[in-house]
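Below, each chain spelled out in residue letters.
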Amino acid sequence: YASVIRIDERTGIALSTDGVGTKLLVAEELGRFDTVGIDCVAMNVNDVICVGAEPLAMLDYIAIDRASPEICEAIGVGLARGATLAGIEIPGGELAQLGEMVHGVDVSGACFGTVALDAIVDGRRAAAGDSIIGIPSSGLHSNGYTLARASLEGLDLGEDPEGRLGRPLGEALLEPTVIYVKAIVELLRSEVDVRGLAHITSGGVNNLLRLAAPVGYEIDAPLPPQPIFELIRERGNVSDEEMHEVFNMGCGFCVVVPENDEARALDMLRTHHPGAARVGRVTDDAGHV
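Thresholds applied
Residues numbered from 1 in each chain as written. Predicted model: local features only at pLDDT ≥ 70, side-chain atom pairs only at ≥ 80, totals over all residues. Heavy atoms only, no water. Pairing = 2+ DSSP bridges. Helix = DSSP H or I, 4+ residues; strand = E, 2+ residues; numbered from the N terminus. Axes fitted to C-alpha atoms, helices over the stretch in contact; angles between N-to-C directions. Contact = heavy atoms within 4.5 Å. Core = buried A, V, L, I, M, F, W, Y, C linked by side-chain atoms within 4.5 Å. Buried < 20%, exposed > 50% of the residue type's maximum accessible area, 1.4 Å probe, protein only. Phe/Tyr/Trp six-rings, centres within 6.5 Å; stacked < 30°, edge-to-face > 60°. Arc of directions from axis to C-beta. Salt bridge = Lys/Arg side-chain N within 4 Å of Asp/Glu carboxyl O. Disulfide = S-S within 2.5 Å.

Any chance you could explain the sheet that holds strand β7 (residues 196-199) here in plain terms?
In spatial order, the strands read β7-β9-β6-β10-β8; together these five strands make up an open sheet with antiparallel pairing. Edge strands, defined here as strands with exactly one partner in the open sheet, are β7 and β8 (216-219). Within the sheet, the average angular offset between the axes of one strand and its neighbour, ignoring direction, is 25°. Here four bridges tie β8 to strand β10 (residues 277-283), and the two strands are oriented antiparallel to one another. Note that in β10 the partner of Tyr217 across the bridge is Val282. Lying over the sheet, helix α9 (residues 262-272) contacts β6 (131-136), β9 (251-257) and β10, oriented at roughly 10° with respect to β6.

As structure tokens, then:
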């Protein structure tokens, strides 16, 4: 999720970079860019915390065909909101007007944080029997939009298909990515033994396999997916296997703790994310979810 560079005998800098992806095409179609900055921050800081680091700052990069004050201001509103939610600074960035190369707009960023070298979390201490806690997503977050847009092609973004979403489709697709920083940093500072952290993005819960321990993971009580996922599956005739490979399916982040720390971890996480719940356990079936 992030690389850690040793800067002295005690401290490392965690580095990560990511972008918003083709979710921006939905924003362009709706002419609404005030939330994509939140997504940009979220996709970066949620990766940095996975190594046990506390995110400190991020730089943004906006590539656009022709700089529009209105679009750039709206993106800035989201970036500022995301920075507040993550507790970070955005001290600078880059705006590139690239009409010959870019058609539309792209937003990405690079984040850094600090972590004590003896406190890095890479999952190597995860052991069979440990509990897996899932924290709900808010929807698609910022992954899988190529498949989502293809599946939902022809639907009016301003309407609620068959009344299934409880709001217009465009609003559901632009729902910002959840930022998990404050909850995870609080957990890391507690007495809970945090053994693994996984940002669930493209790849779904298979992202747990990024953790270093030679173990497997059994998800026996998955979090409920939002209605948007079922709409995509039906409209696009997408298999369950592909849905779980492409989307987070309602779970945006996972925490691995010893079974005897499960209750304490849940109490802490639920103060920030009420839907957090045990979703499974670590197994000795190495490499399999």
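Help me out: how do you make sense of the nonpolar core in this one?
Ile228, Phe247 and Val255 are the most contacted members of the largest nonpolar core, which totals 73 residues. At seven residues, helix α2 (residues 36-48) tops the list of elements feeding residues into this core.

It is not clear to me how the packing of aromatic side chains should be interpreted in this structure. Could you clarify?
Think of a pair of aromatic rings as described by two things: how far the centres are apart, and how the planes are tilted against each other in angle. A full pass over the atoms with the stated rule returns two aromatic pairs. Note on Tyr180 and Phe253: the rings are 5.3 Å apart at their centroids and 40° apart in plane angle, and the pair reads as tilted. One end of the pair, Tyr180, is in the loop between α5 (169-174) and α6 (181-188); the other, Phe253, is in strand β9, with 73 residues separating them in the sequence. Take Phe253: its relative accessible area is 0%, and that puts it in the buried class.

Got a minute to help me understand helix α7 (residues 227-236) in this structure?
In an α-helix, one turn spans 3.6 residues, which is why side chains three or four residues apart end up on the same side. Turning to α7, its buried residues are Ile228, Phe229, Leu231 and Ile232. Down the axis of α7, the buried side of the element spans an arc of 160°, and every buried residue falls inside it. Buried residues in α7 make contact with α4 (145-151), α5 and α8 (240-246). Downstream of α7 by a residue or two, Asn237 has a phi angle that is positive, lying close to 50°.

Can you walk me through the pattern of salt bridges in this structure?
Oppositely charged side chains can pair when the atoms bearing their charge come close. Enumeration over the complete set of coordinates arrives at 14 salt bridges. Note that Lys23 is salt-bridged to Asp39, the shortest N-O span being 3.0 Å. Here Asp39 lies in helix α2 and Lys23 lies in helix α1 (residues 23-30), a separation of 16 residues in the sequence. With respect to burial, Lys23 and Asp39 carry one shared label: buried. The partner of Glu218 in a salt bridge is Arg281, with the nearest N and O atoms 3.0 Å apart. Here Glu218, found in strand β8, pairs with Arg281, found in strand β10; they are 63 residues apart in sequence, far enough to count as distant.

Explain the side chain of Asn143 to me, please; I cannot follow it from the model alone.
Considering the arrangement of structural elements, one finds Asn143 in the loop between β6 and α4. If near-sequence neighbours (up to four positions away) are discounted, Asn143 is found in contact with Met43, Thr201, Ser202, Val246 and Phe247.

Quick question: what am I supposed to make of the environment of Val26 here?
For Val26, the position within the fold is in helix α1. Residue classification places Val26 among the buried positions, given a relative accessible area of 3%. Distance in space between the C-alpha atoms of Val26 and Phe229 is 16 Å, their sequence separation being 203 residues. Beyond its immediate stretch of four places on either side in the chain, Val26 contacts Tyr145, Arg149, Leu157, Leu173 and Leu174.

Where do I start with the state of the cysteines in this structure?
In a disulfide, the sulfur atoms of two cysteines are held together by a covalent bond. This structure, assessed with the given rule, holds zero disulfides. For Cys72, which is in no disulfide, the shortest distance to another cysteine sulfur is to Cys40 and amounts to 13 Å. In this model Cys111 remains outside any disulfide bridge; the closest cysteine sulfur is found in Cys40, 9.8 Å from its own.

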